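# Coordinates in review
Each chain is listed here by its residues.
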Number of protein chains: 2
Amino acid sequence: MDVNTAREKLVSYQKKAAAYLHALELLNFDGATSAPRGSASTRGETMAILSGELYAISTSAEVAETLFFLESVREELTAEEARIVYLLQKDSKKIAKIPRDLYVAYRAQVVRADDVWHRAKESSDYALFSPELEKIFDMTKEIASNVEPDSDPYDFCLHEYEEGLNSRKLDDFFDTLRERISPLLRAISKVPQQSDAIRKGFFAASDQEKLSRYLMDIIGLDPEHVALSTTEHPFTISLGSHLDERITTHYYEDDFASSMYSVIHEGGHALYETGCDDRFVFTALDGGTAMSIHESQSRFYENIIGRSRAFCSLVFPKVREIFPEQMKGYSAEDLYRAVNRVEPSLIRTESDEVTYCFHIMIRYELEKRLMHGELTVRDLPQEWNRLYREYLGVEVPNDKVGVLQDTHWSGGMIGYFPSYALGNAYGAQFFREMKKEIDVEKCILSGNLAPINEWNRKNIWQFGKLYTPDELIRRITGGEFDPAVYADYLTEKYSEIYGL
Amino acid sequence: MDVNTAREKLVSYQKKAAAYLHALELLNFDGATSAPRGSASTRGETMAILSGELYAISTSAEVAETLFFLESVREELTAEEARIVYLLQKDSKKIAKIPRDLYVAYRAQVVRADDVWHRAKESSDYALFSPELEKIFDMTKEIASNVEPDSDPYDFCLHEYEEGLNSRKLDDFFDTLRERISPLLRAISKVPQQSDAIRKGFFAASDQEKLSRYLMDIIGLDPEHVALSTTEHPFTISLGSHLDERITTHYYEDDFASSMYSVIHEGGHALYETGCDDRFVFTALDGGTAMSIHESQSRFYENIIGRSRAFCSLVFPKVREIFPEQMKGYSAEDLYRAVNRVEPSLIRTESDEVTYCFHIMIRYELEKRLMHGELTVRDLPQEWNRLYREYLGVEVPNDKVGVLQDTHWSGGMIGYFPSYALGNAYGAQFFREMKKEIDVEKCILSGNLAPINEWNRKNIWQFGKLYTPDELIRRITGGEFDPAVYADYLTEKYSEIYGL
């Protein structure tokens, strides 16, 4: 084999893999958006077959030889090519260690579990979901013991979402947060609460959709490449490449702010993806480098931008235009205070910035114990409820608003949750750097987010998976990850709002 | 090879082919429903790759050997197995005759053309679409000359939608219709017109959606297996098997009857598919046997049922409940007369039962001449407009409501249109038989369509592709296809409405 033949093979393999992933992700997306319920079994069969085909391609001798050869001539490759070879080899070695039957059965199980989760959540019936979840944890452990027999099985899960992440780093991170945020939360609980009356009322879904379109435009999403749908649980997905992004939201007609911040959050994910350099299309470098960096962007737009005083002041006239009756007597400042009201609550996605990390800590602790065999899936709800009492002081009245609220575990995403908390902290560090170059508040007030997006594009988005999170943080900040920056951001913002 | 090994291979091949088709159809469906516009190129790449893979599987030596062996032991197979082997062999022989590059390029071209068609229709810009359409006709001719070098290339197209159909049969059929319907249309044009004022006004899309749900329920669609979406052009598609059906509609807010009859029409397609015996899932027998039989069901529910006096009387209370202001002063009889108003017009899907077949005849004549090389794609609009003047006496003001109105050609569906007219005629023949066993009017008036659906299921739906259209017609009527039955149905119905 010569280098150019190998290069061509590499390009064509990546294109083929992208096509299969496109189909698989679209089947997922369809299941969550348009599909009738009775289609889950057919969809599961199709996904099992196509993922089996992808498995065969990814583990083929031809691909292995090509990658092996390219690694042997590493010095002749560009930095991008070398990174592609590294990522593909890591992935194909991983897949090759998973028995094909297990790989295929796992894909089918995830589809089935997701379907059952939807039904279980609707009827708040954990017993219905429990056997499916148990299978997912069992299969994940089996996959972990095949791929990284010498690692901690939960660390294996964490690696899926961020290279090199482990629970030691997370334990330290969460300890810092707990130390700094618990006193803040206690202080807030002792002063008068902010009103959120402005959020409440009747807001027709069709009107909320108009607000979604406006927000997508304001934050700079390109409608040629980003489409909006509605689902039970909001998410973002890339189909085939970053040229085709889908974001979803859920309209609650008694609270317009819920979908508003879902759209901005998912919009942040889509900005990151669509900002990737177009030359990475159909390569292993396309899209975000880790879920934590992804969440740093989504949570940056949702909170640091979206929940800023400037942003509330920018969008309030539009909110009032769409909901003239409901907004009577309210001001932009009322909106700002309502969407920053701090209050321990049951639902992660609806929670404020201060209590948010506790929701993550609870999930982190539970999934870690489940993966370590220190907790059974059967006992999960009671532990969930106990931790909500302990960390947030709230009683969980039923599993629908408790352990069944999130879609992640039903989708096999064990080890994902910490990405949200890391993302919050990474985002705060990036924000501190951004402010050295840009007058962020002025940009927002003038309705021109382009300089903000351009900064993110230049520093983060364009690189796709070229750099690891650690490398990105070092490039941007010149230093290491520092969770204190996030704690400072929260302390400053909420001390002002609550007059502490 | 022994029979049982070959049987197992047959089952697994059909499952795999169904999975690829599922993905390909879903990519199509997604392109028409949720996808952002800038995603067409990625989607085209994925479809080209996956259809290339399907091509390789379908033309593999293993599949050919299995089918060849099974054909050689035909007497040991069940009738169903024999039919499966026959259909798959026909299909795989056909595909094997198409060069792989042409096959893949054609799939990609169809995706691109469909995207361009959407843009061209919006701006009524035929020049934009023309080169894409030309490529589709050229490729179709090339495919035809590869697969059936000795056949008429247009007959090849017709075979795609109904086994054994040819333009001689269609020429005779359309001659009969013209002879019988032209005098009826002339007679109608000489008496006072029916009012369609009841259809006009403002009908919010969200309210129309409520009506859609009601109609889907009334005609007996199972929401576990049939979902509704909105698209530019309504259609029905099966994803993976008949357990997953999607119907689409388009809401025009100035005319509620348009979507109403789209939903019933597409609902008829979905009833046929979902009524197929479940043992045919993942086999070549799943789904409808020919597009003409498909249209016999969709047009049966749309017109023979949906545009009957009894049906208008059944649904009018619901229409009034959803649109109380708009329905003030109107009765069920007004609805009946409005949706049966006969008037030469521009848009096929909006046209009445009497003029409908002329829309088909125009398309039939044009696509036949295009396939015969007697007309160029460039000259198509002026011929379209000339025929609308000649057959229907209407002037086409622009291509959006002229040659660009339908999605079929952009999707590569040349030879499809005659299915609609044949379907009308088949449906009328089936209806005559049904009435011998069932009091159809009484069923509709009581809101219980179950006996009607059960008759269709027993006689048509359950068999999937087991019988050809000719065989089905013979089983049901005991005789041959007779277009006079349809002409009689139209003459009787519209003579009463117009008092001829």
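Being a predicted model, the structure only gives us computed values, none of them experimental.

For the pair chain B and chain A, the best superposition has an RMSD of 0.0 Å and corresponds to a rotation of 180° with a translation of 0.0 Å parallel to the axis. The operation mapping one copy onto its partner corresponds to a two-fold rotation axis. The position closest to the rotation axis in chain B is occupied by the C-alpha of Ala23 of chain B, lying 2.9 Å away.

Let us now look at the packing of helix H14 (residues 353-371) of chain A against helix H15 (residues 380-392) of chain A. When two helices pack together, their arrangement is given by the angle between the helix axes and the distance between those axes. All names here are of chain A. Between H14 and H15, the shortest axis-to-axis distance is 10 Å and the interhelical angle comes to 145°. Note on packing geometry: the crossing formed by H14 with H15 is right-handed. On the side of H14, the interface is formed by Thr355, Phe358, His359, Met361, Ile362, Arg363, Glu365, Leu366, Arg369 and Leu370, while H15 contributes Leu380, Glu383, Trp384, Arg386, Leu387, Tyr388, Tyr391 and Leu392.

Residue and element names in this part refer to chain A. The strand order S1-S3-S2 describes an open sheet built from 3 strands, whose pairing is mixed. Of all the strands in the sheet, the pair left with one neighbour each is strand S1 (226-230) and strand S2 (236-239). The mean angle between the axes of side-by-side strands here comes to 30°, regardless of whether they run parallel or antiparallel. The strands touched by helix H1 (residues 3-33) are S1, S2 and strand S3 (241-249); relative to S2, the strand with the most contacts, the crossing angle is about 140°.

Residues and elements named next belong to chain A. For chain A, the domain assignment lists domain 1 (3-149) and domain 2 (167-498). Put simply, the middle of domain 1 and the middle of domain 2, counted by C-alpha atoms, are 27 Å apart. Taken together, the contacts link 35 residues of domain 1 with 45 residues of domain 2. When residues of domain 1 are sorted by the area they lose upon contact with domain 2, Lys121, Tyr126 and Phe137 head the list and together hold 21% of the total. Joining domain 1 to domain 2, the criterion identifies 2 salt bridges. For Lys121, the salt bridge goes to Glu232, with nearest N and O atoms at 3.3 Å. Summed over the shared surface of domain 1 and domain 2, the number is 15 residue pairs in polar contact (both at pLDDT 80 or more). Taken together, the residues that form the side of domain 1 that touches domain 2 break down as 18 nonpolar, 7 polar and 10 charged.

Our next topic: the side chain of Ser130 of chain A. All names here are of chain A. Looking at the secondary structure, you find Ser130 in helix H6 (residues 126-147). Residue class for Ser130 comes out buried when judged on its relative accessible area of 9%. Once residues within four sequence positions are removed from consideration, Ser130 is found in contact with Val377 and Arg378.

Here the focus is the sheet that holds strand S2 (residues 236-239) of chain B. Residue and element names in this part refer to chain B. With mixed pairing, the 3 strands of this open sheet are ordered in space as S1-S3-S2. The sheet is open, and its two edges are formed by strand S1 (226-230) and S2, each paired on a single side. The sheet shows a mean angle of 30° between the axes of neighbouring strands, direction not considered. Sheet topology note: the S1/strand S3 (residues 241-249) ladder contains 5 bridges and is parallel. Residue Leu228 lies in a different strand from S3, and its bridge partner there is Ile247.

Attention shifts here to the pairing of S2 of chain B. Residues and elements named next belong to chain B. Because side chains alternate across S2, one face comprises the buried residues Ile237 and Leu239, and the other comprises Thr236 and Ser238, none of which is buried. One ladder, built from 4 bridges, connects S2 with S3; its direction is antiparallel. The partner of Thr236 across the bridge, within S3, is Ile247. Linkage of S2 to S3, two consecutive antiparallel strands, is achieved through a turn of 1 residue, within which Gly240 is found at a positive phi near 90°.

Moving on: the confidence of the model for chain A. On average, chain A scores 96 in pLDDT, and the residues at 70 or more come to 100%. Here the predicted complex scores 0.92 on pTM and 0.91 on ipTM.

Residue and element names in this part refer to chain A. Of note, Phe282 is a non-glycine position whose phi angle comes to about 60°, a positive value. With respect to the secondary-structure elements, Phe282 resides in the loop between helix H10 (256-274) and helix H11 (291-305). Residue classification places Phe282 among the buried residues on the basis of a relative accessible area of 15%.

All names here are of chain A. Counting across every chain of the model gives 5 cavities of 30 Å³ or more. Around the largest cavity, the lining residues are Trp117, Phe129, Arg363, Trp384, Val403, Asp406, Trp409, Ser410 and Phe417. Of the residues contributing to the lining of the largest cavity, the split by class is 6 nonpolar, 1 polar and 2 charged.

Basis of the calculations
- Residues numbered from 1 in each chain as written.
- Chains lettered and ligands numbered in written order.
- Predicted model: local features only at pLDDT ≥ 70, side-chain atom pairs only at ≥ 80, totals over all residues.
- Heavy atoms only, no water.
- Least-squares fit on C-alpha atoms with pLDDT ≥ 70 in both.
- Axes fitted to C-alpha atoms, helices over the stretch in contact; angles between N-to-C directions.
- Helix = DSSP H or I, 4+ residues; strand = E, 2+ residues; numbered from the N terminus.
- Left-handed = near helix turned anticlockwise from the far one by under 90°.
- Contact = heavy atoms within 4.5 Å.
- Pairing = 2+ DSSP bridges.
- Domains from an automatic or database assignment.
- Buried area = accessible area lost by both parts, 1.4 Å probe.
- Salt bridge = Lys/Arg side-chain N within 4 Å of Asp/Glu carboxyl O.
- Polar contact = N/O pair within 3.5 Å; in protein donor to acceptor, adjacent residues only side chain to side chain.
- Nonpolar A, V, L, I, M, F, W, Y, C, P; charged D, E, K, R; others polar.
- Buried < 20%, exposed > 50% of the residue type's maximum accessible area, 1.4 Å probe, protein only.
- pLDDT = per-residue confidence, 0-100.
- 1 Å grid on protein atoms, 1.4 Å probe; cavity = no way out; pocket = protein on both sides within 12 Å on 5 of 7 lines; lining within 4 Å.
- Points joined across faces, edges and corners; volume = space filled by probe spheres on them.

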